[in-house]
Amino acid sequence: MVGTPVTRAEIVCPEFGLIMDHPDGEDDPGISLHIKTRPGDDLTIALGDDLTWVKFARDRTAAVMSAWGLGGHIPAATLVVSELVTNALRHALPSVEVRPHPPVLLRLVRRRRSVVCLVADPSDRPPVLAEADFAAETGRGLYLVAAHSRRWDWAPRRDRPGKWVWALLPPPADASR
């Protein structure tokens, strides 16, 4: 994948629209456990840098989908978020010697019944959908993201190092409601 185009400060997400690169409050030094929201449609959470945060991200995603009345999105959203956050924590953080570093961010953006899950990390390296060894215990994360989203891609951050990896969720299972 080449990476999603970024205009001045927006990520272009086909079938969804433009998403601002800098969520509100991102520059707040106390963001590590704060949740920043815009009136009900955009949630950003700064995560810690170990794998225990994957469960936190998954649980928070389920709670947000439920609060937004999008319970049908919960299975796909929690799986996609879990894989994107795991990849960011395993592959995109600098070595222990390079601390502090910008936090991994989880964003959920809603427009009506459509949801985009985004994860920002401090690495400029693009995600790689490599050939998976289906007998291995790891290495299938992006395959799962691709299988449980309408589309996914990545975009470089604007005005700071790193990237966003995003996935547009398919219509929820309860779309008839």
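In what follows, the structure referred to is the one given above.
Residues numbered from 1 in each chain as written. Predicted model: local features only at pLDDT ≥ 70, side-chain atom pairs only at ≥ 80, totals over all residues. Heavy atoms only, no water.

Colleague: I'd like a description of helix 1 (residues 52-67), backed by residues and values.
Modeller: Between its first and last C-alpha, helix 1 extends 23 Å over 16 residues, near the 22 Å set by a 1.5 Å rise per residue. Positive backbone phi, at 75 degrees, marks glycine 69, one or two positions downstream of helix 1. (Helix = DSSP H or I, 4+ residues; strand = E, 2+ residues; numbered from the N terminus. Expected span 1.5 Å × (residues − 1).)

Colleague: Any details on the pattern of salt bridges? Residues and values, ideally.
Modeller: For the coordinates displayed, the defined rule picks out 4 salt bridges. Salt-bridge contacts for aspartate 59 lead to lysine 55; the nearest nitrogen and oxygen are separated by 2.5 Å. On the criterion of helical spacing, the pair formed by aspartate 59 and lysine 55 is a turn pair, its members being 4 residues apart in helix 1. Assessed through its relative accessible area of 48%, lysine 55 is described here as partly exposed. (Salt bridge = Lys/Arg side-chain N within 4 Å of Asp/Glu carboxyl O. Buried < 20%, exposed > 50% of the residue type's maximum accessible area, 1.4 Å probe, protein only.)

Colleague: Tell me about unusual backbone geometry, residues and numbers included.
Modeller: Phi at arginine 112 takes a positive value of approximately 55 degrees, unusual for a residue other than glycine. Along the chain, arginine 112 falls in the loop between strand 6 (104-111) and strand 7 (114-121).

Colleague: Give me helix 2 (residues 74-91): which residues, what numbers.
Modeller: Here helix 2 spans 25 Å end to end across 18 residues, near enough to the 26 Å set by a 1.5 Å rise per residue. For helix 2, every residue scored as buried is listed here: Ala76, Ala77, Thr78, Val80, Val81, Ser82, Glu83, Leu84, Val85, Thr86, Ala88 and Leu89. Among the structural elements, strand 5 (42-47), helix 1, strand 6, strand 7, helix 3 (141-147) and strand 9 (163-168) are those in contact with the buried residues of helix 2. (Contact = heavy atoms within 4.5 Å.)

Colleague: So, the side chain of threonine 86: which residues are in play, and what are the values?
Modeller: Here threonine 86 is to be found in helix 2. Once residues lying within four places of it in the same chain are set aside, the contact partners of threonine 86 are Leu51 and Val54.

Colleague: Give me the lowdown on the environment of glutamate 131, citing residues and values where you can.
Modeller: Residue position: glutamate 131 is located in the loop between strand 7 and helix 3. Separated by 12 residues in sequence, glutamate 131 and tyrosine 143 have C-alpha atoms that sit 9.2 Å apart.

Colleague: Before we move on, can you summarise the pairing of strand 6 with the specific residues and values?
Modeller: In terms of burial, strand 6 is largely enclosed, as 7 of its 8 residues are buried. Note: strand 5 against strand 6, 6 bridges, orientation antiparallel. Following the sheet pairing, threonine 44 is matched in strand 6 by arginine 107. Connecting strand 6 to the next strand, strand 7, in antiparallel fashion are 2 residues, including arginine 112 with a positive phi near 55 degrees. (Pairing = 2+ DSSP bridges.)

Colleague: Provide a residue-level description of the nonpolar core, including the pertinent values.
Modeller: Across soluble globular proteins, nonpolar side chains have a tendency to be buried as a group. The biggest cluster of nonpolar side chains holds 32 residues, and the ones touching the most others in it are Leu47, Met65, Val85, Leu106, Leu108 and Cys117. In this structure leucine 108 touches Asp41, Asp42, Leu43, Thr61, Val64, Met65, Trp68, Val81, Val116 and Cys117, once residues within four positions along its chain are discounted. Counting 14 residues, the second-largest nonpolar core is a separate cluster that includes Ile11, Phe16, Val109 and Trp166. (Core = buried A, V, L, I, M, F, W, Y, C linked by side-chain atoms within 4.5 Å.)

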